[in-house]
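In case you want the letters, here they are:
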Amino acid sequence: MKMLNMQLLRDLRSQWSRYLASALLILLGVVVSTGMAAGNGAALTTAKNAQDTGNVEDGYLELTAELTDNQLTLLRNKGLTVERAKFTDVPAADNSTVRVYENRSTINRINLESGTLPTANDEIALEQTYARAHNLKVGDMLNLDGTKFTITGIGSTPDYATVVARATDTAADPDEFGTAFTAASTVESLAKQGNTLTTTYVYLLGNSGMEASDIVSEISNALKDGTGTARVSSYLEQDDNPRIVTVIDDQTVTVQTAYLAGFVALVLIAYVLSVLTADNIRRQSPVIGTFYALGITRRELVVHYMLLPVILAAVCAIIGTVGGFLTAPAMQNATTYYSIPALSSVASPDVIAYGVLTPLVTVTLVSFLVLRSRLAKEPLQLLHRDTGQRPPSRATLESLPFAFSFRLRSFMRAWTTYVLMLLGVVLSLLLMVFSFGMHDSVVSYADDVREDIGFEAVYVFLGTPPTAPDDAETATLRSANLVGAEGAGASLSVIGIDKGTQYFDVDLSGTDETHVLISKAVSLRYGYEVGDKFTLDPTDTDNREVVVAGIVDYPQMAVFGEHEDVNTLLGLDRGSSNAIVTGTVNDNLDNQAQSVIRRSDMITSVDTFTQAMRPTILVLFIASIGLFIIVMFLLMRMVVDREQYSISLMKALGYDEAEVGHLYLGNYVLLVLLSLAVGLPLSIAIMKPTWQYMISSLATAFPFTTSSRSIILIVVIVLATYGVVRFLSGRHLRGVDVTEILKDRE
């Protein structure tokens, strides 16, 4: 075995650049996949633990008044845990909005990152993303609508992991909105300053056997028989609440994507290494034949030639996994975008097993299968370089120009190498299209928000709205759950507007009490088309089945209908309304409204979401470029190494360097162009449904798009990168000496 060990060291010295490139390829795949899986997996675990320790709600109810003591006792006797959660939205000194809640004791408890809970009326605990965005810390003063508070604690709550004012908001924007917690009496004092006081109750079902609809029925029955004064304005269960579930769904999808993308990349890497191993066997076949003749067994040779790839895979897997853990915090944005506790640890047994075992097992298995096949030859066959390759094509190409026929025969002789390179380039293109498409899709959605939102503000009131100012319109805006749907987007905004509205670009001519318009977001998320039926669960009436009469350009999850028809659909008086739509901001309405939907806030939240996506886009872009360069470099260099004798012969026959390079490397520009022609439309087709799955955690949906500019940039980047690899391979080709033909004669 000493002889084989010496041969191993010689192989490593003579092919160091090939092994270095292979190592970089494995490291790239392992670092990116384990880094994303570890970082987002740690965020997922942290978010779940925060929900458990914080005793996250099973749902919440928004009411028009407080429940009576008898109602609370009745509900609690049924096994429910019910807690009041009053809040008021208060303007801060910088015009941002802080939703001030009364302190919590049982449900949705605050997880403090620093400081203590407030105990005095002039103390307050602040949500951490808002505090970070406004450079606030424990001990600082916070001015809310003229009232000064001392910040005693900073932390997060499980019911506001995604800190948005409305459950249907697309993205969090800590510059504009945050939450805070103080004494109940202080919340009421702030409300008396002209801020709307909202009464909500959160609950835990426990062993009650009840559902949210049962609780709503109990409250509605109490209102009817006069034992209660509260009416349910809206309710939302935990599974349908984007503030709670988005972080879980988002991180779950990201971890799954990281594992899948990493596995696909590692399979490709293993296949590249197998091709390189097979080429190594071809080049060393006379040496291997000699080993056989000296009595070394096939098993020993298989182990010998597997040793370097397996050691390489093992070392790179371990280093890559450690590198993935070190870079994991930078490969996740959950702790900056979502309001969750700090990551305790990014290391997990699952990620360690994946990062170390997947490349090791894949490379070992593929190498074994390739070597077992390639070394199943007699010593004489190996001495004559007969490794079982396909015989040269017998196609008659004499009528074709020499250069063309030469390159065609080269392709037919080494078609597997070309196919492998095609797969590598297409996979790189998939990652590149993904990174560019993520950016373009979000930017396109932001443009849609700017173009499709015709109003400046929608003011929503608990009861009948005040007199609408000039150029304003009254409307009905309620929420209704989509029966059979779960997660973000399951709660739809049902909007009743007058025909001829100036603020919504919709045609209501085909609508009635059972025929409605849906936004493109609803159509994309649930696949509804014109004529399809679905069922809504309004708060104030029984479930209603409706038919899709049309699809409109509106960037959020919404259902539209004529004003009176929507009121009938929701079980309200036909002439009622609860919202005013305006083309300008109205301070008077702002002070009276329960909630306000502002066009500027929607645009800002989308811009914030765009910023949050940038780290992921950058990682994917770098990985795609790295994968493309290394795969192309390895395989083109392998071609030069394999054809050294022929290249030397061509040089001896008088062909200059440019002509030889054109003959042996000229096919690859055609391969890259073919990869672009096939890979770009294929990648876009794959990404369209994949994208909808990836954004399923958002409270909206928008299509995957790639702009013409991005397509051109991808083509330019790929061709420029190919040019660099072609230049490096050309230098290697020029290093083939004309004397090589004298070294390989029997």
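Structure first, text after, so check above.
Residues numbered from 1 in each chain as written. Predicted model: local features only at pLDDT ≥ 70, side-chain atom pairs only at ≥ 80, totals over all residues. Heavy atoms only, no water.

## Some details on the pairing of strand β17 (residues 544-552)
Short version of the rule: When DSSP locates at least two bridges between a pair of strands, those strands are taken to pair. Put simply, DSSP marks the helices as runs of H or I at least four residues long and the strands as runs of E at least two long, and each gets a number from the N terminus on.
By the bridge criterion, five bridges tie strand β15 (residues 515-519) to β17 in an arrangement that is parallel. Across the sheet, the residue bridging to H515 is V547, located in β17. One ladder, built from four bridges, connects strand β16 (residues 533-538) with β17; its direction is antiparallel. If you follow L536 over to β17, its bridge partner there is R544. In this antiparallel pair of consecutive strands, β16 and β17, the connection spans five residues.

## Quick word on empty space enclosed by the protein
What counts, and what does not: In this analysis, the protein atoms alone were mapped onto a 1 Å grid. Cavities are point sets where a 1.4 Å probe fits without being able to get out; pockets are open sets with protein on both sides within 12 Å along at least five of seven lines; lining residues have an atom within 4 Å of a point. Grid points are joined across faces, edges and corners, and a volume is the space filled by probe spheres set on the points. In the scheme used here, Gly and all other residues not listed as nonpolar or charged are polar, with Ala, Val, Leu, Ile, Met, Phe, Trp, Tyr, Cys and Pro taken as nonpolar and Asp, Glu, Lys and Arg as charged.
All chains considered together, the criterion is met by 14 cavities of 30 Å³ or more. In this model, the largest cavity occupies a volume close to 660 Å³. Contributions of two or more residues to the lining of the largest cavity are made by β1 (59-63), β3 (87-91), β4 (97-102), β10 (197-204), β11 (232-237), β13 (473-482), β14 (491-497) and β20 (595-598). Classifying every residue of the lining of the largest cavity by side-chain character gives 15 nonpolar, 12 polar and 10 charged. In this structure, the second largest cavity occupies an estimated 110 Å³ of space.

## As for the pattern of salt bridges
The condition is simple: Any carboxyl oxygen of Asp or Glu that lies within 4 Å of a side-chain nitrogen of Lys or Arg is treated as forming a salt bridge with it. Throughout this description, buried means an accessible area under 20% of the type-specific maximum (1.4 Å probe, protein chains only), exposed means over 50%, and partly exposed covers the range between.
Under the counting rule described, the total for this entry stands at 14 salt bridges. The salt bridge partner of R84 is E66, with a shortest N-O separation of 3.2 Å. With R84 in strand β2 (residues 81-84) and E66 in the loop between β1 and α3 (69-77), the pair connects residues that are 18 residues apart, well separated along the chain. Residues R99 and D89 are paired through a salt bridge, measuring 2.7 Å at the closest nitrogen-oxygen approach. Here the residue R99 occupies a position in strand β4, and D89 occupies one in strand β3, the gap between them amounting to 10 residues. Assessed through its relative accessible area of 5%, R99 is described here as buried. Sharing partners across several salt bridges, the network here consists of E66, R84, K86, E102 and E188.

## Looking at the environment of D240
Assignment of secondary structure puts D240 in the loop between β11 and α7 (242-283). Taking the C-alpha atoms as reference points, D240 and T327, 87 residues apart in sequence, are found 33 Å from one another.

## Regarding the nonpolar core
Quick reminder of the rule: Only buried residues count toward a nonpolar core. Its members are Ala, Val, Leu, Ile, Met, Phe, Trp, Tyr and Cys residues joined through side-chain atoms within 4.5 Å. When checking whether two residues touch, look at their non-hydrogen atoms; a contact exists if any pair is within 4.5 Å.
Counting residues in each nonpolar core, the largest one holds 117 residues, and the members touching the most others are F455, F504, Y554, F560, M632, Y668 and W691. Once you skip the residues sitting within four places of it in the chain, F560 turns out to touch I495, I497, F504, V516, L517, V552 and Y554. The next biggest cluster of nonpolar side chains, apart from the first, holds 22 residues, and it includes A480, Y528, V559 and L572.

## A short note on α3
Counted only if it meets this: Within this analysis, the arc is defined by the directions that extend from the helix axis to the C-beta atoms.
Buried within α3 are the following residues: Q71, L72 and L75. For α3, the arc enclosing every buried residue in end-on projection is 95 degrees, short of the 170-degree limit, so these residues lie on one face. In α3, the exposed positions angled more than 90 degrees off the buried face are occupied by D69, N70 and N77. Each element contacted by the buried residues of α3 is listed here: β2, β10 and α6 (212-225). In the segment just after α3, G79 is the residue with positive phi, at about 105 degrees.

## A short note on the packing of aromatic side chains
Under the convention used in this document: The rule is short: rings of Phe, Tyr and Trp, with Trp giving its six-membered ring, pair when the centres are within 6.5 Å, and they are stacked under 30 degrees, edge-to-face over 60, tilted in between. Look at NZ for Lys and CZ for Arg. If either is within 6 Å of the ring centre and within 35 degrees of the ring normal, a charge sits over the ring.
Per the stated rule, a full pass over the model turns up 15 aromatic pairs. When the ring of F87 is compared with that of Y101, the centres are 5.0 Å apart and the planes differ by 45 degrees; the resulting orientation is tilted. A residue pair is termed long-range when its members are at least 10 positions apart, and F87 in strand β3 and Y101 in strand β4 qualify at 14 residues. Grouping residues by exposure puts F87 and Y101 together as buried. Look at Y101 and F181: their rings are 6.0 Å apart centre to centre, the planes differ by 20 degrees, and that puts the pair in the stacked class. With Y101 in strand β4 and F181 in strand β9 (residues 177-182), the pair connects residues that are 80 residues apart, well separated along the chain. What makes Y101 buried here is its relative accessible area of 5%. Each residue in the set F87, Y101, Y160 and F181 is aromatic and connected to the rest through ring pairs, giving one cluster. The positively charged end of R104 is found above the aromatic ring belonging to Y101, 4.6 Å away from the centroid.

## Some details on the pairing of strand β19 (residues 579-582)
A two-sided burial pattern is seen for β19, the buried positions comprising A579 and V581 on one face and I580 and T582 on the other. Judged from the three bridges that link them, β13 and β19 form a sheet pairing that is antiparallel. By the bridge assignment for β19, E473 is matched with V581.

## Observations regarding a negative patch on the surface
Going by this rule: Residues form patches when they are more than 30% accessible in relative terms and have no salt bridge. Like charges link within 9 Å. Nonpolar side chains (Val, Leu, Ile, Met, Phe, Trp, Tyr) link within 5 Å. The protein chains shown are the only cover counted for residues, whose accessible areas, like all others here, come from Shrake-Rupley with a 1.4 Å probe. Counting rule for charge: Lys and Arg are taken as positive, Asp and Glu as negative, and neither His nor the chain ends is counted. For charged residues, the charge sits on one atom: NZ in Lys, CZ in Arg, CG in Asp, CD in Glu.
On the surface, E211, D214, E237 and D239 cluster together into a negatively charged patch. Inspection of the secondary structure assignment puts E211 in the loop between β10 and α6.

## Some words on the side chain of T179
By secondary structure assignment, the location of T179 is in strand β9. For T179, a relative accessible area of 0% corresponds to the buried category. Not counting residues up to four positions away in its chain, the partners in contact with T179 are V98, R99, A125, L126, E127, Y160 and V163.

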